[in-house]
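# Tertiary structure, described
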Amino acid sequence: MSIEKIVEQALQDGYLTPSMEAEVGRICNTASELSIEEYMALDRLMGALLTGEVVVLPRKQFINVMEELVLSDVIARVAEIEGTSDQSLDVGDIAAYALNRLPPLYATTEEGAHFQRARAKDQLYDLISKEVQAAIDRNLDRPEPVHPTALGKPSSGSEVLSNLSNWLQANAANFEQQP
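These remarks concern the structure in this document. Treat the numbers as computed from the prediction; the structure is a model and nothing was measured. (Residues numbered from 1 in each chain as written. Predicted model: local features only at pLDDT ≥ 70, side-chain atom pairs only at ≥ 80, totals over all residues. Heavy atoms only, no water.)

## As for the pattern of salt bridges
Heads up, the condition is: Within this document, salt bridges are pairs made up of a side-chain nitrogen of Lys or Arg and a carboxyl oxygen of Asp or Glu, the two lying within 4 Å of each other. Strands are runs of DSSP state E lasting at least 2 residues, helices are runs of H or I lasting at least 4, and numbering of each runs from the N terminus.
Tallying each qualifying case throughout the model produces five salt bridges. Here Arg26 and Glu23 are joined by a salt bridge, their closest N and O atoms 2.7 Å apart. Linking Arg26 with Glu23, this pair stays in helix H2 (residues 18–30), spanning three residues, or about one helical turn. One salt-bridge network, in which partners are shared between bridges, spans Glu68, Glu110 and Arg117.

## Structural notes on helix H4 (residues 65–84)
An α-helical segment advances 3.6 residues per turn. Residues three or four places apart therefore align on the same side. Short version of the rule: In this analysis, the expected span of each helix is defined as 1.5 Å times one less than the number of residues it contains. Type-normalised accessible area, obtained with a 1.4 Å probe on protein chains alone, sets the label of each residue: buried when under 20%, exposed when over 50%, and partly exposed for intermediate values. Two N or O atoms form a polar contact when they lie within 3.5 Å of each other; inside protein one atom must be a possible hydrogen donor and the other a possible acceptor, and for residues adjacent in sequence the pair counts only when both atoms belong to side chains.
The end-to-end C-alpha distance of H4, which contains 20 residues, comes to 29 Å, matching closely the 28 Å that a straight helix rising 1.5 Å per residue would cover. Of all the positions in H4, only Val65, Met66, Leu69, Val70, Asp73, Val74, Arg77 and Val78 are classed as buried. With a side-chain oxygen lying 3.1 Å from the backbone nitrogen of Met66, the N-terminal cap of H4 falls on Asn64.

## As for the environment of Ile136
What counts, and what does not: Should any heavy atoms of two residues lie within 4.5 Å, those residues are counted as being in contact.
Within the element layout of this structure, Ile136 appears in helix H6 (residues 110–141). Taking the C-alpha atoms as reference, Ile136 lies 9.1 Å from Asp93; in sequence the two are 43 residues apart. Leaving out residues up to four positions away in the same chain, Ile136 has contacts with Arg77, Ile81, Leu89 and Ile94.

## Thoughts on the packing of helix H1 (residues 3–13) against helix H3 (residues 36–51)
Note the threshold: Note on definitions: angles span 0 to 180 degrees between N-to-C directions of axes, and those axes are lines fitted to C-alpha atoms, for helices only across the stretch in contact. The scheme is simple: roughly parallel for angles under 35 degrees, roughly antiparallel for over 145, roughly perpendicular for 65 to 115, oblique for anything else. By definition, turning the near helix anticlockwise from the far helix through less than a right angle yields a left-handed crossing, and turning it clockwise yields a right-handed one. Gly is placed with the polar residues, together with every amino acid not listed as nonpolar (Ala, Val, Leu, Ile, Met, Phe, Trp, Tyr, Cys and Pro) or charged (Asp, Glu, Lys and Arg).
Taken N-terminus to C-terminus, the directions of H1 and H3 make an angle of 25°; their axes are 9 Å apart at the nearest point. For the element pair H1 / H3, the angle class is roughly parallel. The crossing of H1 and H3 is left-handed. Contact with H1, carried on its side by Ile3, Glu4, Val7, Ala10 and Leu11, involves Glu37, Glu38, Ala41, Leu42, Arg44, Leu45 and Ala48 of H3 and no other residues of that element. For the contact of H1 with H3, the class distribution of residues is eight nonpolar, no polar and four charged.

## Some details on the side chain of Arg77
Position of Arg77 relative to the elements: it lies in helix H4. At a separation of 2.6 Å, a polar atom in the side chain of Arg77 contacts the side chain of Ser129. With residues near it in sequence (within four places) discarded, Arg77 still touches Ser129, Val132, Gln133 and Ile136.

## Quick look at the side chain of Asn139
Looking at the secondary structure, you find Asn139 in helix H6. Those residues in contact with Asn139 that sit more than four places away from it in its chain are Ser88, Leu89, Asp90, Asp93 and Ile94.

## Quick notes on the packing of aromatic side chains
Keep this limit in mind: Classification of ring pairs uses Phe, Tyr and Trp, with its six-membered ring standing for Trp, and accepts pairs whose centres are within 6.5 Å; under 30 degrees between planes counts as stacked, over 60 as edge-to-face, and the remaining range as tilted.
This model, assessed by the stated rule, comprises one aromatic pair. The interplanar angle of 75° and the centroid separation of 5.6 Å between the aromatic rings of Phe62 and Tyr106 together place this pair among those described as edge-to-face. Here Phe62 is found in the loop between strand E2 (55–56) and strand E3 (63–64), whereas its partner Tyr106 is found in strand E4 (residues 106–107), with 44 residues between them in sequence. Relative accessible area serves as the criterion here: at 47%, Phe62 is assigned to the partly exposed category.

## A word on the nonpolar core
Note the cut-off: We define the nonpolar core as a collection of buried residues of types Ala, Val, Leu, Ile, Met, Phe, Trp, Tyr and Cys that are connected through side-chain atoms lying within 4.5 Å of one another.
Ranked by size, the top nonpolar core spans 20 residues in total, and within it Met66, Val70, Val74, Ile94, Ile128 and Val132 carry the most contacts. Taken together, the elements giving at least two residues each to this core come down to H4, helix H5 (91–99) and H6. Setting aside its immediate chain neighbours within four residues, Val132 contacts Val70, Asp73, Val74, Arg77, Ile94 and Ala98. Counting residues in each nonpolar core, the second largest holds 14 residues, with Ile6, Ala41, Leu45 and Val54 among its members.

Next up, the structure:
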């Protein structure tokens with residue numbers, strides 16, 4: 001969305017949302033030079049903000065305490081695994097997998113966050129631990145990703161099939177079903 005359209009929307013609605021504000025900031029930061037029209041639109045917005053014709057909606061600050069708890073557990077376990085083996089684990093994938101299976105614990109104040117942390121430690125510790133372990137197990141069981149360069153740069157269709165066949169034979173053990 002352009003600066004002009006954002007300003008027009010803000011003037012029409014009477015408010016500037018945090019996402020509109022962020023988009024204007026992104027445009028201003030990435031543009032090498034703003035146009036006259038963009039400067040004029042920003043000037044109109046500034047005037048409307050100063051007169052109260054447009055108000056800035058406040059950003060609601062909140063945190064998901066569950067993210068903190070899961071991430072700290074994942075980091076500790078991954079460090080232990082990577083320190084005692086040659087395995088390489090993806091902390092982000094593991095945390096996201098576990099978080100998608102756990103309830104969120106949002107808080108808007110430090111007191112609320114403290115309450116949520118205490119609640120999680122009392123009531124959800126075993127569940128968090130179980131989901132993090134399941135996420136790690138899943139990450140460890142994943143086959144290595146296929147990189148396009150692993151098949152080389154074939155020049156013909158038969159060479160593609162030959163390279164693919166060789167790759168499948170080399171990696172078949174990773175895909176065998178366990179009885």
